[in-house]
Amino acid sequence: MDGRTKRSLQVAIENVSFAKEFNYFLTLQLDGDGEKRRTDISATVNNPIFSANTFYLPIHENQSNENPRLQFAAFIVAERSEEKRGQARLLGECVLELGSLIGQLTDVFGVGIR
């Protein structure tokens, strides 16, 4: 192996709640590296249920020895209608440092566990 053994972190987005009813979507990315993943755009609700809500993020062995960070962002889709796609506006961001949790969040077979 080249020191880049892959493991995957499974992230499931559930029980999301906002103060007001709008169209929302969320993005997530591991360490600002690689592909930014995103949910679908929700219906106009304050408790969205995203059909695309489970993501598998590859973690290389050298990343797991460092302090990987999981970055989340929430967006509101303004001015959306049947005729218009709307405009995405950043609602907020947060970062979750995985550090000491990384061993518990991945397994030896490379499939994330809950």
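Participant: Can you help me understand the overall build of the protein chain in this one?
Facilitator: Within the protein chain, the secondary structure is distributed over 2 helices and 6 strands. The order of helices and strands in the protein chain, counted from the N terminus, is β-β-β-β-α-β-β-α. Here the protein chain, with 114 residues, has 37% of them falling under the buried criterion. For the protein chain, restricting intrachain contacts to residue pairs at least 6 apart in sequence, the fraction spanning at least 24 positions comes to 62%. Accessible surface computed for the protein chain: about 7500 Å², of which carbon and sulfur atoms make up 48%.

Participant: So what exactly am I meant to see when it comes to the nonpolar core here?
Facilitator: Generally speaking, nonpolar side chains in soluble globular proteins are found buried as a group. Counting 17 residues, the largest nonpolar core has Val11, Ile13, Leu26, Leu28 and Leu70 as the members making the most contacts within it. Put simply, the parts of the chain that give this core at least two residues each are β1 (6-12), β2 (23-30), β4 (54-60) and β5 (69-78). Ranked by residue count, the leading element in this core is β2, at 4 residues.

Participant: Could you clarify how one ought to interpret the environment of asparagine 46 in this entry?
Facilitator: Turning to its location among the elements, asparagine 46 is positioned in the loop between β3 (33-38) and β4. Once residues lying within four places of it in the same chain are set aside, the contact partners of asparagine 46 are Val16, Ser17, Phe18, Ala19, Lys20 and Glu21.

Participant: Before we go on, may I ask you to explain the packing of aromatic side chains in this structure?
Facilitator: Two aromatic rings, taken as a pair, are described by how far apart their centres are and by the angle between their planes. On inspection of all chains with the given rule, the structure shows 3 aromatic pairs. Pairing phenylalanine 18 with tyrosine 24 gives two aromatic rings, centres 3.8 Å apart and planes at 5°, and the pair type is stacked. Of the two residues, phenylalanine 18 and tyrosine 24, both sit in the buried class. Here the aromatic rings of phenylalanine 22 and tyrosine 24 are separated by 6.4 Å at their centres, their planes lie at 90°, and the arrangement is edge-to-face. An aromatic cluster of at least three residues, connected via ring pairs, comprises Phe18, Phe22 and Tyr24. We note arginine 38 situated over the ring of phenylalanine 25; from NZ or CZ to the ring centre the distance is 4.0 Å.

Thresholds, definitions, all that
- What you see as residue numbers is a count from 1 along each chain, following the sequence as written.
- Local features in a predicted model are, by the rule used here, given only for residues with pLDDT of at least 70; side-chain atom pairs are given and counted only at 80 or more, and totals for whole chains, interfaces and linings are based on all residues.
- Calculated side-chain values reflect all of the structure's heavy atoms, with hydrogen atoms and water omitted.
- In this description a helix means any DSSP run of H or I spanning at least four residues, a strand means any run of E spanning at least two, and both kinds are numbered starting from the N terminus.
- The rule is simple: take the accessible area with a 1.4 Å probe, protein chains only, and divide by the maximum for that residue type; under 20% is buried, over 50% is exposed, in between is partly exposed.
- Note on definitions: a residue-residue contact is assigned when non-hydrogen atoms from the two residues lie within 4.5 Å.
- Method for areas: the Shrake-Rupley scheme with a 1.4 Å probe, in which residue coverage is limited to the protein chains shown.
- To form a nonpolar core, buried Ala, Val, Leu, Ile, Met, Phe, Trp, Tyr and Cys residues must be joined to one another through side-chain atoms within 4.5 Å.
- For Phe, Tyr and Trp, rings pair up if their centres lie within 6.5 Å, where Trp contributes its six-membered ring, and each pair is then called stacked (planes under 30 degrees apart), edge-to-face (over 60) or tilted (otherwise).
- Whether a charge sits over a ring comes down to the Lys NZ or Arg CZ being within 6 Å of the ring centre and within 35 degrees of the ring normal.

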